[in-house]
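Results of the structural survey
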Amino acid sequence: MRIGLALSGGGARGIAHLGVLKAFDELGIKISMISGVSSGAIAGVLYAAGFTPDQILSLIKELSVFKIVRPAFGKAGLLHLEEVEKLYIRHLGADITFEDLKIPVVVSATEMNEGVTAYFSTGKLIQPLLASSAVPILYRPILFEGKLLNDGGLLNNLPVDPLHTNCDFKIAVHVNPINHQAQITNIRSMVERTLLLAINNNVKLRMHLCDLLIEPQELKYYRLTNFRKADEIFEIGYEHTMKLEKHIRQLINK
């Protein structure tokens, strides 16, 4: 049984992926392939590189938000990802490739010129990983192999597609449930709400492609930038998945 795992983007909410992965480890559920986008790609790559979910949580908490919001004026984006790149290089190595990972991983990004999703699963790893979470306008795009790349969630925030011909059972983890009682009070909340609603439309088109959807509803109360609540978000992913143990085993056994 080859089990594939698709991990959505979601900013700080993506920390819930680590809780899900910890639950899988404790339940003895072995993942054969990971397809990730944005924060889901980060969680998936670090996990596939051999870090435990708890170790990845520590790495994320180590990266100060203030370090990654230095402006990059004159570029096609307001901010840069240099500090994030340094973190990857320090813990993964500057020359790491997809082939070095212990579990096959597919990272998706958006090719801005063509307007299509670009999938990466071989060769150099760090640049595609950076591109996958480079939110358009907010972060400057990544130029890699002649492609102008930004956040993959723009077109496909639930990348189940690459798992189809490679896996027998497909699990998708979506960390952006919609809060239908949300109160929009300022321009910041309006921008975030617009982003969530727009991206969720491309997610709905792919939910039926997975055999199991994990979507912790408690995450709807957390902002995309709530990194200070990393431990709470981690725990939500873990507890939600542990409660699904019986259901998950029944589906896999079928």
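Residues numbered from 1 in each chain as written. Predicted model: local features only at pLDDT ≥ 70, side-chain atom pairs only at ≥ 80, totals over all residues. Heavy atoms only, no water.

**Digging into the nonpolar core**
Rules: Only buried residues count toward a nonpolar core. Its members are Ala, Val, Leu, Ile, Met, Phe, Trp, Tyr and Cys residues joined through side-chain atoms within 4.5 Å. Whether a residue is buried, partly exposed or exposed follows from its accessible area with a 1.4 Å probe, protein chains only, as a fraction of its type maximum: under 20%, in between, or over 50%, in that order. For helices the rule is a DSSP run of H or I covering at least 4 residues; for strands it is a run of E covering at least 2, with both sets numbered from the N terminus onward. Whether two residues are in contact is decided by their heavy atoms: any pair within 4.5 Å suffices.
Counting 62 residues, the largest nonpolar core has L5, F24, I34, V45, Y88, L101 and I171 as the members making the most contacts within it. The biggest single contributor to this core is helix α2 (residues 39–48), with 7 residues. Once residues lying within four places of it in the same chain are set aside, the contact partners of Y88 are I42, G93, I126, L129 and L130. Residues A6, V160, A172 and C210 belong to the second largest nonpolar core, which totals 10 residues.

**Some details on α2**
Burial analysis of α2 places 10 of its 10 residues in the buried class, the great majority of the element. For α2, the full list of buried residues reads S39, G40, A41, I42, A43, G44, V45, L46, Y47 and A48. A positive phi of about 110° marks G50, the residue just after α2.

**Considerations on the packing of helix α1 (residues 16–27) against helix α3 (residues 53–62)**
Quick note on the threshold: Fitted lines through C-alpha atoms serve as axes, helices being fitted only where they are in contact, and the angles separating the N-to-C directions of these axes extend from 0 to 180 degrees. Angle categories are assigned with fixed cut-offs, so that under 35 degrees is roughly parallel, over 145 is roughly antiparallel, 65 to 115 is roughly perpendicular, and the rest are oblique. Should the near helix be turned counterclockwise from the far one by less than a right angle, the crossing is left-handed, whereas a clockwise turn marks it as right-handed. Put simply, Ala, Val, Leu, Ile, Met, Phe, Trp, Tyr, Cys and Pro go in the nonpolar bin, Asp, Glu, Lys and Arg in the charged bin, and everything else, Gly too, in the polar bin.
α3 packs onto α1 with a crossing angle of 160° between their chain directions and a minimal axis gap of 9 Å. As far as their axial angle goes, α3 and α1 are roughly antiparallel. In the packing of α1 onto α3, the handedness of the crossing is left-handed. Residues L18, L21, K22 and D25 of α1 lie in contact with α3, whose contacting residues are P53, D54, I56, L57 and I60. When grouped by side-chain class, the residues that make up the contact of α1 with α3 number 6 nonpolar, no polar and 3 charged.

**Examining the confidence of the model for the chain**
The criterion, for reference: Each residue carries a pLDDT value, the predictor's own confidence for that position, ranging from 0 to 100.
For the chain, per-residue confidence averages 90 on the pLDDT scale, and residues scoring 70 or more make up 93% of the total. Here residues 65–69 is modelled with pLDDT under 50, and outside its nearest four sequence neighbours on either side it reaches 11 contacts, counting other chains as well.

**Observations concerning helix α7 (residues 230–243)**
Side chains of residues three or four places apart in an α-helix project in the same direction, reflecting 3.6 residues per turn. For clarity, the threshold we go by: Expected span of a helix: the number of residues minus one, times 1.5 Å.
With 14 residues, α7 extends 20 Å from end C-alpha to end C-alpha; this agrees with the ideal 20 Å at 1.5 Å per step. Within α7 the residues assigned to the buried category are A230, I233, F234, I236, G237, Y238 and T241. Packing partners of the buried residues in α7 comprise α1, α3, β10 (212–214) and α8 (245–253).

**Comments concerning the UniProt feature "short sequence motif: GXGXXG" (unreviewed entry) in the chain**
Where we set the bar: UniProt positions are given in the numbering used here, feature names are shortened, and annotations may be inferred rather than shown by experiment.
In the numbering used here, UniProt assigns the "short sequence motif: GXGXXG" (unreviewed entry) feature to residues 9–14. For residues 9–14, the end-to-end C-alpha separation is 6 Å, with 0% helix and 0% strand making up the annotated structure.

**Describing unusual backbone geometry**
Positive phi is not limited to glycine here, since S38 has a value of about 55°. Along the chain, S38 falls in the loop between β2 (33–37) and α2. One non-glycine residue, E145, lies in the positive phi region at around 50°. With respect to the helices and strands, the residue E145 is situated in the loop between β7 (142–144) and β8 (147–151). The class of E145 is exposed, set by a relative accessible area of 63%.

**As for the side chain of S38**
Rule in force here: Throughout this description, a polar contact denotes any pair of N or O atoms lying within 3.5 Å of each other; where both atoms belong to protein, one of them has to be capable of donating a hydrogen while the other can accept it, and for residues adjacent in sequence the pair is counted only when both atoms sit in side chains.
A relative accessible area of 8% places S38 in the buried class. In terms of polar contacts, S38 uses its side chain to reach the side chain of D151, at 3.3 Å. Setting aside chain neighbours within four positions, we find S38 in contact with G9, S132, S133 and D151.

**Description of the UniProt feature "active site" (unreviewed entry) in the chain**
Following the UniProt record, one finds the feature "active site" (unreviewed entry) at S38 and D151. A maximum C-alpha distance of 6.2 Å is found for the annotated residues, which run over 114 residues; spatially they form one tight group. Among the structural elements, D151 can be located in strand β8. Accessibility expressed as a relative area gives 10% for D151, which makes it buried. In this view, D151 contacts V37, S38, A109, T110, A131, S132, S133, A134, V135 and P136; residues no more than four positions away in its chain are not counted.

**Notes on the pattern of salt bridges**
To keep things clear, this is the line we draw: Salt bridge criterion: a side-chain nitrogen from Lys or Arg within 4 Å of a carboxyl oxygen from Asp or Glu.
Inspection of every chain in the model, using the stated rule, returns 6 salt bridges. The partner of D161 in a salt bridge is R206, and the shortest N-O contact between them spans 3.5 Å. Of this pair, D161 sits in the loop between β8 and β9 (169–173) while R206 sits in the loop between α6 (187–204) and β10; the two residues are 45 residues apart in sequence, bridging distant segments of the chain. For D161, a relative accessible area of 31% gives the class partly exposed. Residue class for R206 comes out buried when judged on its relative accessible area of 16%. D211 is the salt-bridge partner of K170, the closest N and O atoms lying 3.5 Å from each other. Here the residue K170 occupies a position in strand β9, and D211 occupies one in the loop between α6 and β10, the gap between them amounting to 41 residues. Taking the relative accessible area as the measure of exposure, D211 reaches 36% and is therefore partly exposed.

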